[in-house]
Amino acid sequence: MDPIIQTENLTHIYSQGTPFESTAIKEVNFSAYPGEFIGIIGHTGSGKSTFIQHLNGLLKPSSGKVLFNGRDIWENKETTRQVRFKVGVVFQYPEYQLFEETIYKDIAFGPKNMKLSESEIDERVREAVDFVEVPQAWLEKSPFDLSGGQKRRVAIAGVIAMRPEVLILDEPTAGLDPRGRDSIIGNIKNYQKATNSAVLLVTHSMEEIARSVNRLVVFNHGTIAMSGTPSEVFSNVDELEQIGLSVPEVTKVMMRLKELGMDIDSSVYTIQQAKRALIDYVAGRR
C-alpha cells in the first residue's frame, strides 16, 4: 500500500535570512497510510503545529517536499487547491471560526468552495452532521446559540463535509469535560472507519491518545524523535521525560506495582489493559 500523504526532508525556517531566523522543523520524513489513526505529541515548540500546517499547504516548505498520493502538493496552483479539500485541518478551538448565520450554511461553506451542486452540498452537510451527532433539525439554528461542545461538533462537521482523505485535528477536545472528550473522539473514529481516511490527532493528553491511535509520532526540537505503537513509545519512559513528556498515569501505576514485586505486565497504557493485566495476575496467584 502506498502512503496517502508523506513528507521528504521537510524543513521550515521562519524569517529566513533575517536576524530572527528560526528553524521550526528540520528534514522531517513522515508517511501516513489510508485507515491509519496516528497520534502526534510533543512539548510546546517541538514543531508539531508547524508540521501539520504543511500537510495541506497552509505553509510552504523552506526545503523538502509534501506529497499527496505521490504528487508534490506545490506542483502547481490547482494541485495545491485540490489538496486543501482532500487534507482537512481542524485547529484548536475551531468553534471560534464559525461565522455563518445558520449551522447549515457554516457546514456548507467548504463544499460550496469546491463548486459542487446544491444537491451534493446538501448530501454532504447532512452526512457530516450525522457523523458528529448534531440533529438535522438544528440545521437552521444559529451556531452561536449552541454550547461550546456543540459548536465544536459543527466546526468539525464543516471539515468532514469536504470528505477529506486525511483529517488532521489539533487538540480537538481541549477544554471539554470527560464525556465531551470521549464523544468527540468517538465521532472522529466513526468518520475514520466509515471512510478509511487517515486521521492525525495532535494532543497533550497521553491518556486520550493512548486509547485512540494505532501509531504515535513524537516531535522534539523540530524532528521526529520516536515513532511506533503506543506500547513501543510509552516503554521509553526515561526518554519521554527527558523531552518533557510523560506516559499515561495508568502506565506509571503498573510500573510501580512491578517495582514493588508484582509479576505483572507493566507495558499497558489504558485502564482496560490494566484491568486485564490485574485479573490475569490474580488468576495466576490462585
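Computed from a predicted model, the values in this text were never measured in an experiment. (Residues numbered from 1 in each chain as written. Predicted model: local features only at pLDDT ≥ 70, side-chain atom pairs only at ≥ 80, totals over all residues. Heavy atoms only, no water.)

Peer 1: What am I meant to see in the packing of helix 5 (residues 148–160) against helix 6 (residues 178–195) here?
Peer 2: Between two packed helices, both the angle of their axes relative to each other and the distance between the axes serve to describe the pair. Where helix 5 meets helix 6, the closest approach of the two axes is 12 Å, and the angle between their N-to-C directions is 15°. Taken as axis vectors, helix 5 and helix 6 run roughly parallel relative to one another. Crossing of helix 5 against helix 6: the hand is right-handed. Of helix 6, the residues touching helix 5 (which contributes Arg153, Ile156 and Ile160) are Ser183, Ile184, Asn187 and Tyr191. For the contact of helix 5 with helix 6, the class distribution of residues is four nonpolar, two polar and one charged. (Axes fitted to C-alpha atoms, helices over the stretch in contact; angles between N-to-C directions. Helix = DSSP H or I, 4+ residues; strand = E, 2+ residues; numbered from the N terminus. Parallel < 35°, antiparallel > 145°, perpendicular 65-115°, else oblique. Left-handed = near helix turned anticlockwise from the far one by under 90°. Contact = heavy atoms within 4.5 Å. Nonpolar A, V, L, I, M, F, W, Y, C, P; charged D, E, K, R; others polar.)

Peer 1: What is the right way to look at the side chain of Thr203 in this model?
Peer 2: Along the polypeptide, Thr203 turns up in the loop between strand 8 (198–202) and helix 7 (206–212). What makes Thr203 buried here is its relative accessible area of 1%. For Thr203, the side chain forms a polar contact with the side chain of Glu208, separated by 3.2 Å. Those residues within four positions of Thr203 in sequence are excluded, and the remaining contacts are Ile40, Ile41, Glu171, Glu208 and Ile209. (Buried < 20%, exposed > 50% of the residue type's maximum accessible area, 1.4 Å probe, protein only. Polar contact = N/O pair within 3.5 Å; in protein donor to acceptor, adjacent residues only side chain to side chain.)

Peer 1: What is the right way to read the pairing of strand 3 (residues 37–41) from this model?
Peer 2: In regular strands, side chains alternate between the two faces of the sheet. Among the five residues in strand 3, five count as buried, and that is most of the element. Covered by surrounding structure in strand 3 are Phe37, Gly39 and Ile41 together with Ile38 and Ile40, the residues of both alternating faces. Judged from the four bridges that link them, strand 3 and strand 9 (residues 215–220) form a sheet pairing that is parallel. Residue Ile41 lies in a different strand from strand 9, and its bridge partner there is Val218. (Pairing = 2+ DSSP bridges.)

Peer 1: Help me understand the sheet that holds strand 8 in this model?
Peer 2: Strands pair in a sheet through their backbones, by hydrogen bonds, and they do so in one of two ways: parallel or antiparallel. Here we have six strands laid out as an open sheet, ordered 6-7-8-3-9-10, and mixed in their pairing. In this open sheet, the two edge strands, each paired with only one partner strand, are strand 6 (87–90) and strand 10 (223–228). Averaged over all pairs of adjacent strands, the angle between their axes in this sheet comes to 20°, without regard to strand direction. Along the sheet, helix 5 makes contact with strand 6 and strand 7 (166–170), crossing strand 6 at roughly 165°.

Peer 1: I tried to follow the pattern of salt bridges on my own but got confused; where do I start?
Peer 2: If charged atoms from side chains of opposite charge come close, those side chains can pair. Scanning the entire structure with this criterion turns up 14 salt bridges. A salt bridge links Arg163 to Glu120; the shortest N-O distance between them is 3.5 Å. Here Arg163, found in the loop between helix 5 and strand 7, pairs with Glu120, found in helix 4 (residues 118–131); they are 43 residues apart in sequence, far enough to count as distant. Arg163 sits in the partly exposed class, given a relative accessible area of 28%. Its salt-bridge partner being Glu249, residue Lys252 comes within 3.4 Å of it at the nearest N-O pair. Of the two residues, Lys252 and Glu249 are both situated in helix 10 (residues 249–259); the distance of three residues between them amounts to about one turn of the helix. We classify Lys252 as partly exposed; its relative accessible area is 33%. Each member of the salt-bridge network shares a partner with another, and the members are Glu120, Glu123, Arg124, Glu127 and Arg163. (Salt bridge = Lys/Arg side-chain N within 4 Å of Asp/Glu carboxyl O.)

These figures capture arrangement, not role.
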